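Here is how the chains run, residue by residue.
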Amino acid sequence: VRLDEFGGGVVQPGDSLRLSCEASGNTEVIAGLGWFRQGAGKAREFEATIRWKEVETRYADAVQGRFTISADFAKRMVYLQMISLKPEDSAFYYCAQSLLGPSDDADYYVDWGRGTQVTVSS
């Protein structure tokens, strides 16, 4: 499965941004899609995940209420809507797919996109 993220950019604190991830290839194997991020000098962190073709979602505590994951399964797209962005949200954001369903554990994810950078700065 190939994953391509887009929609990153430079925004100001308090702004909103929507990231998109397009899945292609053998998408029938996808059980879950997740968003992770990695800031400079930091470990990769789980942000949100969704069960493929269902409405089950899960979020990291740090982004609960600010980030919303959604999907258009017919278009094989997953989105991450982010509001009230903070400087600490600055990171590369990655989309990843899991064969075992949604999880906050990066080890469950077998395919990763190349990432899209989000910078929150005044």
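Please refer to the structure higher up on the page.
Residues numbered from 1 in each chain as written. Predicted model: local features only at pLDDT ≥ 70, side-chain atom pairs only at ≥ 80, totals over all residues. Heavy atoms only, no water.

Focus: unusual backbone geometry
- Of note, Lys53 is a non-glycine position whose phi angle comes to about 70°, a positive value.
- Relative to the helices and strands, Lys53 is located in the loop between strand S5 (45–51) and strand S6 (57–59).
- Positive phi, normally seen in glycine, also occurs at Ser84, with a value near 50°.
- Tracing the chain through its elements places Ser84 in the loop between strand S8 (77–82) and strand S9 (91–98). (Helix = DSSP H or I, 4+ residues; strand = E, 2+ residues; numbered from the N terminus.)

Digging into the nonpolar core
- Counting residues in each nonpolar core, the largest one holds 30 residues, and the members touching the most others are Trp35, Leu80, Met82 and Tyr93.
- If you list the elements that add at least two residues to this core, you get strand S3 (17–24), strand S4 (32–38), S5, strand S7 (67–72), S8, S9 and strand S11 (116–120).
- Contact partners of Tyr93, with chain neighbours within four places excluded, come to Glu5, Leu19, Trp35, Phe36, Arg37, Glu47, Phe67, Leu80, Met82, Gly115, Thr116 and Val118. (Core = buried A, V, L, I, M, F, W, Y, C linked by side-chain atoms within 4.5 Å. Buried < 20%, exposed > 50% of the residue type's maximum accessible area, 1.4 Å probe, protein only. Contact = heavy atoms within 4.5 Å.)

Points about the sheet that holds S3
- Spatial ordering of the open sheet is given by S1-S3-S8-S7, a layout of four strands whose pairing is antiparallel. With one partner strand each, in any of the chains shown, strand S1 (2–6) and S7 form the two edges of the open sheet. Averaged over neighbouring strand pairs, the angle between their axes works out to 20° when direction is ignored. (Pairing = 2+ DSSP bridges. Axes fitted to C-alpha atoms, helices over the stretch in contact; angles between N-to-C directions.)

What to know about the pairing of S5
- With respect to burial, S5 is a largely interior element, five of its seven residues being buried.
- Connecting S4 to the antiparallel partner S5 that follows it, the hairpin turn spans six residues, and Gly41 within it adopts a positive phi of roughly 75°.
- Here S5 folds back onto S6, and the loop between the two strands holds five residues, one of which, Lys53, carries a positive phi near 70°.

Topic: the packing of aromatic side chains
- Applying the stated rule across the entire model yields six aromatic pairs.
- Ring geometry for Phe36 versus Phe46: centroids 5.7 Å apart, planes at 70°, classification edge-to-face. Of this pair, Phe36 sits in strand S4 while Phe46 is found in strand S5, placing the two residues ten residues apart along the sequence.
- Considering the side-chain rings of Phe36 and Trp112, the 5.0 Å spacing of their centres and the 55° angle between planes classify their relative orientation as tilted. Taken as a pair, Phe36 in strand S4 and Trp112 in strand S10 (residues 109–112) lie far apart in primary sequence, 76 residues in all. (Phe/Tyr/Trp six-rings, centres within 6.5 Å; stacked < 30°, edge-to-face > 60°.)

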